[in-house]
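Next come the chains, spelled out residue by residue.
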Amino acid sequence: MSIKDQIMKDLQDAMRSGDDLRKQTLRMARAAIKNAEMARSAEILDMVSTNDPKAKGEPFDEIRRRRKVAQESEEADDTATASAERSAINDLLGRTSELDDAGVQDVLRKEIKQRHDSVDAYRNAGRTELADKEAAEIALLEAYLPKQLSDEEIEAEVREVIAQTGSREMNKVMPAAMARLKGRTEGRAVNRVVTRLLAES
C-alpha cells in the first residue's frame, strides 16, 4: 500500500473514531500532497509550452501531440474531439505528476519542518497549548516516514563524513553529511551533531 493510500485509510479511520486532531492533521497532509502534485502538473505544462529542452520523451511528446490535435480540432469547430483531447491531457498530467512514496515523504518532511518552526515560535511566546498541538501533529506525520536515526547513529555517520572529506569546516562537512543522511533524519539534528563534533578539539 502506498503512503498516500495509507494516509487516506487512516483518515477514514480517524473520521469514524472521531479523532479530531488526527483527522485535521491528515487532511492538511493530503492537501499539501495534492498541492505539490498540482505544482508538478503546472511545471510540466510550462515546460511543454516553452519547449524547455529538458522536456523530452514521454509524457512531454504525448502532451504536445494531444495539444496540437485539440487546437486543430478547435479551429475546425470539432468541439467533441478537442474536449476529448483536453481530457486525455488532464488524465496524462494527473498520472505523470502523481507523487510516489519518496515524493510524499518529501512533502511530509516539509510539513514537519514547518511545525517544528511553529513549536519553537509558540514556546518562545509562552503558548504551550499551541506548541503541544503542533508537536502532536509532528508525531502523527512522522509515522509515515522511515525510522529516524538516533543522535548516536547520526554521530557515527558524521564522523565517517569528516574522515572521508578530511575537513573540519562546516561548509564542507554539512552538505556531505546531509547528502549521506537524506531521508533518514532531519537537517536540524544533523546540524546539531556536526556543530558539536567540529567544535571538539
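All figures in this text were calculated on a predicted structure; none of them were measured in a lab. The numbering scheme is per chain: residues are counted from 1 as the chain's sequence reads. Where local features are concerned, this predicted model is filtered to residues with pLDDT of at least 70; where side-chain atom pairs are given and counted, the filter is 80 or more; whole-chain, interface and lining totals use all residues. Side-chain measures here rest on the full set of heavy atoms in the structure, leaving out hydrogens and waters.

**Brief notes about the packing of helix α2 (residues 20-49) against helix α6 (residues 128-142)**
Inter-axis angles, ranging from 0 to 180 degrees, are taken between N-to-C directions of lines fitted to C-alpha atoms, where helices are fitted over the stretch in contact. Strands here mean DSSP runs of E at least two residues long; helices mean DSSP runs of H or I at least four residues long; both are numbered from the N terminus. Running from amino to carboxyl end, α2 crosses α6 at an angle of 65 degrees, the nearest separation of the two axes being 10 Å. In terms of orientation, α2 lies roughly perpendicular with respect to α6. In the packing of α2 onto α6, the handedness of the crossing is right-handed. On the side of α2, the interface is formed by Leu21, Arg22, Gln24, Thr25, Met28 and Ala29, while α6 contributes Lys133, Ala136, Glu137, Leu140 and Leu141. Polar here means any residue other than Ala, Val, Leu, Ile, Met, Phe, Trp, Tyr, Cys and Pro, which are nonpolar, and Asp, Glu, Lys and Arg, which are charged; Gly is therefore polar. For the contact of α2 with α6, a count of residues per class yields 6 nonpolar, 2 polar and 3 charged. Working rule for angles: under 35 degrees goes down as roughly parallel, over 145 as roughly antiparallel, 65 to 115 as roughly perpendicular, anything else as oblique. Note on convention: near helix rotated counterclockwise from far helix by under a right angle means a left-handed crossing. Clockwise means right-handed. For this analysis, residues touch if any pair of their heavy atoms sits within 4.5 Å.

**With respect to helix α1 (residues 3-17)**
Multiplying 1.5 Å by the helix residue count minus one yields the expected span of that helix. In this model α1 runs 21 Å from its N-terminal to its C-terminal C-alpha over 15 residues, within 8% of the 21 Å that 1.5 Å per residue would give. A 1.4 Å probe rolled over the protein chains alone gives each residue an accessible area, and that area as a share of the maximum for its type sets the label: buried under 20%, exposed over 50%, partly exposed in between. Listed in full, the buried residues belonging to α1 are Ile3, Ile7, Asp10, Leu11 and Ala14. Each buried residue of α1 lies within a common arc of 105 degrees when the element is viewed along its axis, so the set occupies one face. The secondary structure elements touched by the buried residues of α1 are α2 and α5 (101-124). Gly18 occupies a position one or two residues after α1 and carries a positive phi of about 80 degrees. Of all possible arcs, the one meant is that of the directions from the helix axis to the C-beta atoms.

**Observations concerning the packing of α1 against α2**
Running from N to C, α1 and α2 cross one another at 150 degrees; their axes reach a closest spacing of 9 Å. Compared by their axis directions, α1 and α2 come out roughly antiparallel. Relative to α2, the crossing made by α1 is left-handed. Every residue of α2 that contacts α1 at Lys4, Ile7, Met8, Asp10, Leu11, Asp13, Ala14 and Met15 is listed here: Arg22, Lys23, Leu26, Arg27, Arg30, Ile33 and Glu37. Each residue belonging to the contact of α1 with α2 can be placed in one class, and the counts come to 7 nonpolar, no polar and 8 charged.

**What about the confidence of the model for the protein?**
As a per-residue measure, pLDDT tells how confident the predictor is, with possible values from 0 to 100. Confidence along the protein averages 91 in pLDDT terms, with 100% of residues attaining 70 or more. Here helix α3 (residues 60-75) stands out as the element of the protein with the lowest mean pLDDT, 86, in contrast to α1, whose mean of 96 is the highest.

**A closer look at the side chain of Ser73**
Along the polypeptide, Ser73 turns up in helix α3. Here Ser73 falls in the buried class, since its relative accessible area comes to 7%. With residues up to four places along the chain from it excluded, the contact list for Ser73 reads Asp78, Thr81 and Ala82.

**So, the pattern of salt bridges**
Oppositely charged side chains are able to pair whenever their charged atoms sit close together. Within this document, salt bridges are pairs made up of a side-chain nitrogen of Lys or Arg and a carboxyl oxygen of Asp or Glu, the two lying within 4 Å of each other. On inspection of all chains with the given rule, the structure shows 29 salt bridges. When the shortest N-O distance is used, the salt bridge between Glu85 and Arg66 registers 3.1 Å. Pair noted here: Glu85 is in helix α4 (residues 79-97) and Arg66 is in helix α3, with a separation of 19 residues, a long-range link. Note that Glu155 and Arg159 form a salt bridge whose closest N and O atoms lie 2.9 Å from each other. Residue Glu155 and its partner Arg159 are located together in helix α7 (residues 151-165), separated by 4 residues, close to a single helical turn.

**Section: α2**
Counted at 1.5 Å a residue, the expected span for α2 with its 30 residues is 44 Å, and the 43 Å between its end C-alpha atoms agrees. Among the residues making up α2, those that are buried are Thr25, Leu26, Ala29, Ala32, Ile33, Glu37, Ser41, Ile44, Met47 and Val48. Tucked inside the fold, the buried residues of α2 contact α1, α3, α4, α5 and α6. Just downstream of α2 lies Asn51, where phi reads positive at about 50 degrees.

**As for the side chain of Thr185**
For Thr185, the location among the structural elements is in the loop between α8 (170-181) and α9 (187-199). For Thr185, a relative accessible area of 8% translates into the label buried. Aside from chain neighbours lying at most four places away, what touches Thr185 is Gln148, Leu149, Ile154 and Val190.

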